[in-house]
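Structure at a glance
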Amino acid sequence: MNGWTNSLKNKLSRKIIVPSLAALMAVSLGAYKVAKPANSALAAAAPAPAAAALDDSSIEPLLALDRAMENVAARVTPAIVNVTVASKTDARRQSGDDDGDNSNDNDNSGDMQQFNPFGQFGMPMPQRPRIEHGLGSGVIISPDGYIVTNNHVVDGAVNINVTLGDRRVLPAKLVGADPLTDLAVVKVDATDLPSIPWGDSTKLRPGQTVLAFGNPFGLRFTVTRGIVSGLNRPNPDASNRRKPGQFIQTDAAINPGNSGGPLVDARGEVIGINTFLISGSGSFAGAGFAIPTQIVRPTVDNLIKYGKVSHGYIGIGINDVTPENARFFGVKKAEGALVSQVEPNSPGAKGGLKTGDVITGINGQAVNDSEELQVVVGQKSPGTTIDLDVLRDGKNLKVPVTLEAMDKRNGETESGNVEHGKPRWGLGLEDLTPDARGQLQTPSAVRGAIIGNVVPGSPADNAGLQRGDIIVEVNRHAVQSASDAVDQLSKTAKGQDALVLVWSNGGNTFRVLHPSQG
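Keep in mind that what you see is a predicted model, and the values were worked out from it rather than measured. (Residues numbered from 1 in each chain as written. Predicted model: local features only at pLDDT ≥ 70, side-chain atom pairs only at ≥ 80, totals over all residues. Heavy atoms only, no water.)

1. A word on the pattern of salt bridges
- Throughout the structure, instances matching the rule amount to six salt bridges.
- Between Arg67 and Glu60 there is a salt bridge; the shortest N-O distance is 2.4 Å.
- Relative accessible area serves as the criterion here: at 41%, Arg67 is assigned to the partly exposed category.
- Take Glu60: its relative accessible area is 33%, and that puts it in the partly exposed class.
- Here Glu404 and Lys350 are joined by a salt bridge, their closest N and O atoms 3.0 Å apart. (Salt bridge = Lys/Arg side-chain N within 4 Å of Asp/Glu carboxyl O. Buried < 20%, exposed > 50% of the residue type's maximum accessible area, 1.4 Å probe, protein only.)

And the structure:
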């Protein structure tokens, strides 16, 4: 009975399963028939056509600008070279204490990781001197192989190679270098090389289109485009105030590796040599700087002819005449170079220049500011006699000065601590004793009063005075001690400004103290 029952169940199961499968297949086929038209419709669908491109005639000015920039780049790029060097570095430079070429070196202070000569990328090791490999850029200025680059690219080089635009790698020899202007000339043994002409940087105007060429980060033959952001920018290197300024500022991207490459105008003429950037990170932040051709050309000519450059030297410290200090010197316009220091036995001292003189001209040409005077004098040869137009105590004078060769003069070190002060100006003053002189490394010729402290928010603070500065004059009167300085400051009429001459960081500057309001 049980066997029959099981047999019957199996037969019934098969009869039930088969129709069920058939039903499922029918449903599936039905679904397929229903879905198939939908899938076919999707397969047949296509994206709507994209909007048409702008008609050339509607953007012709932009296209014309692009074509013009392409022409300039095509003309200039073949004359750009990649400069690779093997150079000797010492322990001081490797540890970042020098004006080295590493992109992380050369910061003058916190937010001036800024002043960055760039070109070499060694990994510094604070060890003994070693060979370091680096790179930079250059520009061919003559078909027979003369190439301009930066001094800091080839400084200390024991081997220099140049990669041309056609990928040839040629050995180069150093013709000459000038650390003061940061320029160098190297030469390769080749002929019929592509070169580009010089332009006139004195005709540049802010807003003018410029292109920067070089090899940033080792990316060869790069071009960036921007404008002239500013002109006549001062020397930012506080370690050497004798370096000329007059830099061209541009927003054409300049990065490590661009050193020595050219900045060109719309005609494809060299109007500057890229040399440094200002950035908190060490990479481009919108402010790159180039040495103008008004400095580059005469320097390069001398390097090619003589292998070196001898710069003329007066031996004075100079500041700009400003609307703020002009009235103290009887100057109607804020123009000229204000003599803030005359070194003993220097050409300036021998010629009769005095602290407080305002130099308004040189050889009959007007002098607009201290940077301009520095550049003009630095380009003249030692032994040259120049005629300076000088305004002294409201009187116009002619002062002839015979230039000498620039050298490095180090002051003697000798050397107090009696605090004085006058709340009116926010200064605490001390005598310049032998100990203090030694700590501050002050030359023996400097006399005056040390600033021991500065009250925050005071007139002294607002004028930028700092502890350790030395006041050598007050209102055009020399001071020998703290008490002298206090006496002279106290003689300033209430509500009137005071003019102080301050020695700091190796040079003198005039500062105006405005009395506190209220």
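2. Thoughts on unusual backbone geometry
- In this model, Asp192 sits at a positive phi of 55°, which is unusual for a non-glycine residue.
- Residue placement: Asp192 occurs in the loop between strand S7 (183–188) and strand S8 (209–214).
- Non-glycine residue Asn345 carries a positive phi angle of around 60°.
- Mapping Asn345 onto the fold places it in the loop between strand S16 (337–342) and helix H6 (347–351).
- The class for Asn345 is exposed, based on a relative accessible area of 62%. (Helix = DSSP H or I, 4+ residues; strand = E, 2+ residues; numbered from the N terminus.)

3. Comments concerning the packing of aromatic side chains
- Within this structure, the stated rule accounts for three aromatic pairs.
- Taking 5.1 Å as the distance between ring centres and 70° as the angle between the ring planes, the aromatic pair formed by Phe329 and Phe510 counts as edge-to-face.
- Owing to a relative accessible area of 4%, Phe329 belongs among the buried residues under this scheme.
- Taken together, the ring pairs connect Phe247, Phe276 and Phe289 into an aromatic cluster.
- Positioned over the ring face of Tyr146 is Lys187, at 5.3 Å from the centre of the ring.
- Sitting over the face of the ring of Phe328, Arg327 holds its NZ or CZ atom 4.4 Å from the ring centroid. (Phe/Tyr/Trp six-rings, centres within 6.5 Å; stacked < 30°, edge-to-face > 60°. Lys NZ or Arg CZ within 6 Å of the ring centre and 35° of its normal.)

4. Here we look at the confidence of the model for the protein
- On average, the protein scores 79 in pLDDT, and the residues at 70 or more come to 78%.
- Across the protein, strand S4 (residues 146–149) holds the top mean pLDDT of 97, while strand S22 (residues 420–422) sits lowest at 35.
- In this model residues 91–128 is a low-confidence stretch, pLDDT under 50, and it forms 114 contacts with partners more than four residues away in sequence or in other chains.
- Below a pLDDT of 50 lies the segment residues 408–422, which in the model reaches 48 contacts outside its immediate sequence neighbourhood of four places, other chains included. (pLDDT = per-residue confidence, 0-100. Contact = heavy atoms within 4.5 Å.)

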